[in-house]
Amino acid sequence: MPRKLKFTREGKYFVGVTLGVGFAAINTANNLLYLVLGLQLSLIIVSGILSELTLRHLEIIRRLPTRAEAGRTFLVEISLVNRKKHSPSYSVEVEDLLAGRATEKRCYFLKVGASGSQTAAYRCTLPLRGSYRFRGFRVCTRFPFGLFEKSREVDFPDELVVLPRLVPVRPPVPGQAQSLGDDSVPRPGLGSEFYGLRAFRPGDDSRDIHWKTSARKGELLVREREADRGREVVLALDNALPPGEPGPRTDAAMEEAVSIAASLATDYTRRGMGVSIAVRGEARPAVQSERALQALLRWLALLPILPAEGAPGFPPLPRDTIGIGHRRSIGLPAVGHAFRCG
Amino acid sequence: MALRFATLHKSSAYLISGLGLGTLLFSREMGPVAMLLVPLAYAASWFCEGPALHSSRALRAWNLATIGLLALQVVRAVLGTSPVVVGVEFAAFLQINRLCNRRSARDYQQITVLAFLHLVAATVLVSDLSYAVCFGGFVLVAPWALSLGHLRREIEGNYLVEHRPGAGAAHVEVGRILASRRIIGPGFLVATAALSIPLFLITASLFLLFPRLGIGVFGGFGRPATRLSGFSDRIELGGFGAIRSDPTVVMRIELPASLGRPARLGMYWRGTSFDRYDGASWSRTDATSWLLPSDGRRQHMITRFARPEDFELKIFLEPIEPPVLFVPEGTVALGIPPAVRGGAPVFRAVDRFDGDELRYRDPGGAGLEYDVYLTSPDQWPRPRALDGPERKRYLQLPRLDPRVRELAENLTRGIDGDLDRAERIARYLRERYRYTLELPGTGRDASIEEFLFRRKRGHCEYFSTAMAALLRSIGIPTRNVSGFFGGEKNRYGGYYSIRQGDAHSWVEVYVEGKGWRTFDPTPPAATAPRPGGLSDRISDAIDALRLKWMQYVLSYGLNDQLALSRTAFDLLRDARDRVGRIGGERVPRWVPWGIAALLLAVAIALALRRRTRGLFAAARAARGPRREPPAVSLYRRLEDAMGRAGHPRSPATTPLEHARHLRDRAVPGWQIVERVTDRYVGARFGSRALDVAEIRALERAIGELRRSAGVGTMPGRG
């Protein structure tokens, strides 16, 4: 890859002084000044050669976090591997390139020994959900004398899906308007509602023993609870822009709606409830596990915001769907509870 | 054992600043107090460590001291102290100030910069071997100081905050890293020290190649000239005695092989002569001068231009004041290389003063390298006869004791011819009088009568003055001559060194028909050879180095560059001639040049290819592969759009599998993906060619997919 070379502040002064000495040498014909000029120029030449050697045979690896949320700081690890067998690399700086732009996030490596590696990390905060493409790195050095900065770019494509920001929400209480669970077919579980009694089995929590009935029946009986996951919550997220001119406030409101949807889905799922999300023209099947939740959040991260005109309608929704949308959203179906943003 | 980074960095800063201060000290442009204080302060500053460095009170005190010293130096300069002395002392103080206040990388950087400026400033203050030593030290130490300084700047700039997974940012103490022994090992120090070799080679190459055009408008900077006391317009009796033990080399002489290599050079190097004696000092009556005739290029004629049979002696004269040229008896011509101005050779003029003194113009400060053309005594040209007024000047005497004339008459009674008379008087003085450096007092004690009739001891000036007085008293024209006699052979350089201590005084006697002839009445004890001990050997070695330094560095100029290029050209021509004969057959002249041009073209092409390979690759990538089938191109665009939408195809998944996967997950736009994939697979692996209308339709569909996926990093915009 081609190299780029630019002066550091010290380098500019150095070159300026070199020019001055050269001018003085020519003017005075003082051979000692020619000697000093020769030393200065040789320092520049040696600097160029050494910086080239420093940048050679370097391998850079990026490790992205497994989960990244919009607006939350996460660490990106950069490992620098020196493939040179005999010489270490000093003073190397690696800058991550995000979609062709520098992130202004740099990792500095003071010394990476011969055939050795070092890992550093930088803090990164991406404000918006979505897919971020990392293109590669700009690796540079000012070694050995700090006069010039030599850099080259290294390809290392990677992608990071930034999940919607999770915000504190007060979800509607399940079992009231929003609960769509099938109450007639209760299932035992770890919820809070009483399900029934059964005979004690080794391993049962002694606190679940229903002592009164056990005494009456003459055998140990334990309480069973209804499984909350037996309930499903449907969230309707209006991902169409409201009519009118889109603007930064509208964008922010739409993103807030996605954040609320993601936060509600996370909250309900972690309480053992099934959550399904419907958006314009599409409905996601209910998720109950943590793994499925991550897939749902990833889907939300990449969910496009549709233009107001021509956006499809919602699929048929149950009566107690929780609606989430822009304050001026006109497509939000009649629901039991609605979060209005913007 | 590895040292702490901070210790190594500090050591390198002290080495480079010590070299910078050394150049100032060697310039001898500091007062005695400063010469003593600067080394002491430099050594003491090493121990300035810890809280004392960061005390605001100490900082304030240093600032006040700087302002105070600056004011003091200005006052001293106004009161007459040399501005150079004042400036050099202040420059040294600034470095001591920095050394005592080195808190951060920035302070160390200033130390290095100041050291470098000292080195630059010393180019006009020092020129002897001490500068070479300091410069060599710079070449060795500069890579250490600069690289360690750079690392320290980076450490201070990058290690303020550390990020750890699972924890917040933590402040890292820079001191802990500076105290690390793992950053710099012996390998680093050896490698950076080894850098001095390429640095030296590149510096030397550049030094040789820089064209010495001499187009300067601020010329005149050079080495400070050595003031020679015996060559001014007037000399007091006793002047040479004071410098008799001065070992400073004034000039060096290379003899032609035909003259052999004696251990000691017994030649009189004439500088100046005096015609007027007032009883206490010698001076010149007539100060007129005229330009020495020349060939307009290099040769200056004294009696005639040089001939091939003449002996050619090469002289390296140190910068001296006054700029007198020293020549031995029998010199017929001088060869002086022209100076270079504006890239062109400029003839250097030589003035001949009354009394046959020669002075060169445009001293410059770098000394002078010149040739002396000698001829054997039997070839000496016929001398010019003295006219009346001239003869009268060389017979001038003050009122002397009548015993002087009586002595002269007694000594020369019965001897015919001025040459024999002069020889008789010279022999008398050499045999009856003793050489001593013990100077008499002033006034009557210092008189020539006192020397001749009572003390009978003295140094060369007394002997030459006595002889001149004796000869003049009996009517023989005589002049007192100042110059050098002797010259020790340098064991290592093969040349002869003339030192200040070789300064000598003798007489020239005008003999009808023969001209001015040299007579030395001083006893030979005064010119005893040196013992040749260890110190002399060291002195010889240093002087041989000094000559090389003067020859190849200080005096290096356009003429040398031309000579060098001629040598290189000759070598190339020889090589071409050798190559030009293959198997005894003469190869056409253009063939070697053609091969050289071809090799040069290949080298340039390889270098260009190497440099532009990356650029071409980038351009190719931007354009896309050439002659790519439309179906492939379409699918590439589709992949790009899928990637942007967050659904890239992994390398392990086939296009059809990927399309199926997207369909199963009901990813928006899966229909387009399936359609394009189907066409792509059919065209790529089947025989279904895409027509233009279909290509357009698929391009539109992909465009729609791209728009719905968003173009930037944020996929949510339609």
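Structure shown above.
Cut-off values and rules
- Residues numbered from 1 in each chain as written.
- Chains lettered and ligands numbered in written order.
- Predicted model: local features only at pLDDT ≥ 70, side-chain atom pairs only at ≥ 80, totals over all residues.
- Heavy atoms only, no water.
- Helix = DSSP H or I, 4+ residues; strand = E, 2+ residues; numbered from the N terminus.
- Contact = heavy atoms within 4.5 Å.
- Areas by Shrake-Rupley, 256 points an atom, 1.4 Å probe, with all protein chains shown as cover.
- Buried < 20%, exposed > 50% of the residue type's maximum accessible area, 1.4 Å probe, protein only.
- Pairing = 2+ DSSP bridges.
- Axes fitted to C-alpha atoms, helices over the stretch in contact; angles between N-to-C directions.
- Buried area = accessible area lost by both parts, 1.4 Å probe.
- Salt bridge = Lys/Arg side-chain N within 4 Å of Asp/Glu carboxyl O.
- Polar contact = N/O pair within 3.5 Å; in protein donor to acceptor, adjacent residues only side chain to side chain.
- Nonpolar A, V, L, I, M, F, W, Y, C, P; charged D, E, K, R; others polar.
- Patch = residues over 30% accessible without salt bridge, like charges linked within 9 Å, V, L, I, M, F, W, Y side chains within 5 Å.
- Expected span 1.5 Å × (residues − 1).
- Parallel < 35°, antiparallel > 145°, perpendicular 65-115°, else oblique.
- Left-handed = near helix turned anticlockwise from the far one by under 90°.

**Q** What should I look at first to understand the overall build of chain B in this one?
**A** Across its full length, chain B holds 23 helices and 28 strands. Across chain B, every contact between residues at least 6 apart in sequence was considered, and the portion connecting residues at least 24 apart equals 74%. When the accessible surface of chain B is split by element, carbon and sulfur atoms take 60% of a total near 36200 Å².

**Q** Explain the overall build of chain A to me, please; I cannot follow it from the model alone.
**A** Along its length, chain A carries five helices and 16 strands. Every one of the 342 residues in chain A was classed for burial, and the buried ones make up 52%. In chain A, the proportion of contacts linking residues at least 24 apart, taken out of those at least 6 apart, comes to 67%. Accessible surface for chain A amounts to roughly 16100 Å². Of this, 54% is attributable to carbon and sulfur atoms.

**Q** How should the sheet that holds strand E16 (residues 337-341) of chain A be read in this particular structure?
**A** Think of a sheet as strands paired side by side through backbone hydrogen bonds, with each pair either parallel or antiparallel. Residue and element names in this part refer to chain A. Judged by pairing direction, the sheet is mixed, and its five strands sit side by side in the order E14-E13-E12-E15-E16 without closing on themselves. With one partner strand each, in any of the chains shown, strand E14 (282-283) and E16 form the two edges of the open sheet. Here strand E15 (residues 322-326) runs beside E16; their pairing, made up of five bridges, is parallel. The partner of Ile324 across the bridge, within E16, is Phe339. Along the sheet, helix H4 (residues 248-270) contacts strand E12 (232-237), strand E13 (274-279), E15 and E16; its crossing angle with E15, the most-contacted strand, is approximately 160 degrees.

**Q** I keep staring at the environment of Val509 of chain B and nothing clicks. Help me out?
**A** Topologically, Val509 of chain B is positioned in strand E25 (residues 503-511). In contact with Val509 of chain B, other than residues within four places in its own chain, are Ala422, Met467, Leu471, Ile476, Pro477, Thr478, Gly515, Trp516, Arg517 and Phe519 of chain B.

**Q** For this particular structure, what's the right way to read the interface of chain B and chain A?
**A** By a frequent convention, interface size equals the accessible area lost on bringing the separate parts together. With 73 residues of chain B at the contact, the number on the chain A side is 60 residues. Of the roughly 5500 Å² buried at the junction of chain B and chain A (both faces included), carbon and sulfur atoms supply 67%. Our count for the chain B to chain A interface comes out at two salt bridges. Here Arg153 of chain B and Glu10 of chain A are joined by a salt bridge, their closest N and O atoms 3.8 Å apart. At the boundary of chain B and chain A, one finds 13 residue pairs in polar contact (both at pLDDT 80 or more). Listing elements by their share of the side of chain B that touches chain A, those giving two or more residues are helix H6 (105-121), helix H7 (129-158), strand E1 (161-164), strand E2 (167-171), helix H10 (196-209), helix H17 (534-554), helix H19 (590-623) and helix H20 (630-644) of chain B. For the side of chain B that touches chain A, the element with the most residues is H7 of chain B, which contributes 13 residues. Its residues assigned to classes, the side of chain B that touches chain A shows 42 nonpolar, 21 polar and 10 charged.

**Q** Just checking my understanding: could you explain the pattern of salt bridges for this structure?
**A** Under the criterion given, the structure shown has 59 salt bridges over all chains. Ionic pairing is found between Glu154 of chain B and Arg142 of chain A, a salt bridge with its closest N-O pair at 2.6 Å. One end of the pair, Glu154 of chain B, is in helix H7; the other, Arg142 of chain A, is in the loop between strand E8 (130-141) and strand E9 (148-163), on a second chain. Residue classification places Glu154 of chain B among the buried residues on the basis of a relative accessible area of 6%. A salt bridge links Asp267 of chain A to Arg271 of chain A; the shortest N-O distance between them is 3.2 Å. The network of salt bridges with common partners includes Lys6, Glu93, Glu95, Arg106, Arg138, Arg142 and Glu149 of chain A together with Glu154 of chain B.

**Q** How should I be thinking about the sheet that holds strand E7 (residues 117-124) of chain A in this particular structure?
**A** Residues and elements named next belong to chain A. Read across the open sheet, the three strands follow the order E2-E4-E7; overall the sheet is antiparallel. In this open sheet, the two strands that pair with only one neighbour each are strand E2 (58-63) and E7. Each adjacent strand pair in this sheet contributes to an overall mean axis angle of 20 degrees, direction not counted. Here eight bridges tie strand E4 (residues 74-82) to E7, and the two strands are oriented antiparallel to one another. Each bridged residue has a counterpart across the sheet, and for Ile78 the counterpart in E7 is Ala120.

**Q** Whenever I open this one, a nonpolar patch on the surface confuses me. Can you help?
**A** The grouping of Val33, Leu36, Leu37 and Leu40 of chain B at the surface amounts to a nonpolar patch, some 410 Å² of accessible area in total. For Leu36 of chain B, the position within the fold is in helix H2 (residues 32-45).

**Q** In this structure, what is going on with helix H2 (residues 31-55) of chain A? I would like to understand it.
**A** For an α-helix the count is 3.6 residues per turn, leaving residues at separations of three or four pointing the same way. All names here are of chain A. Over its 25 residues, H2 runs 36 Å from end to end, which matches the ideal 36 Å to within 8%, given 1.5 Å per residue. Here H2 starts with a cap whose side-chain oxygen sits 2.9 Å from the backbone nitrogen of Leu32, and that cap is Asn30. Two residues or fewer past H2, His57 is found with a positive phi of approximately 55 degrees.

**Q** Would you mind showing me how to read the pairing of E9 of chain A here?
**A** Remember that side chains alternate between the two faces of the sheet whenever the strand is regular. Residues and elements named next belong to chain A. Where strand E1 (residues 4-7) lies against E9, four bridges are found, and the strand directions are antiparallel. When the sheet's bridge partners are listed, Lys6 is paired in E9 with Glu149. Relative to E9, strand E3 (residues 68-69) runs parallel, the two being bridged by two bridges. Bridging across to E9, Glu69 finds its partner in Leu163. In this structure, the hairpin formed by E8 and E9 is closed by a connection of six residues, where Gly146 is found at a positive phi of approximately 75 degrees.

**Q** Which parts of the structure should I look at to understand the packing of helix H13 (residues 402-412) of chain B against helix H15 (residues 448-455) of chain B?
**A** Residue and element names in this part refer to chain B. Orientation of H13 relative to H15, taken along the N-to-C sense of each, is 60 degrees, at an axis distance of 10 Å. With respect to their mutual orientation, H13 and H15 come out oblique. By crossing handedness, the relation of H13 to H15 is classed as left-handed. Residues Arg403, Val404 and Leu407 of H13 form the contact with H15, whose participating residues are Glu449, Leu452 and Phe453. Among the residues making up the contact of H13 with H15, the classes are represented as four nonpolar, no polar and two charged.

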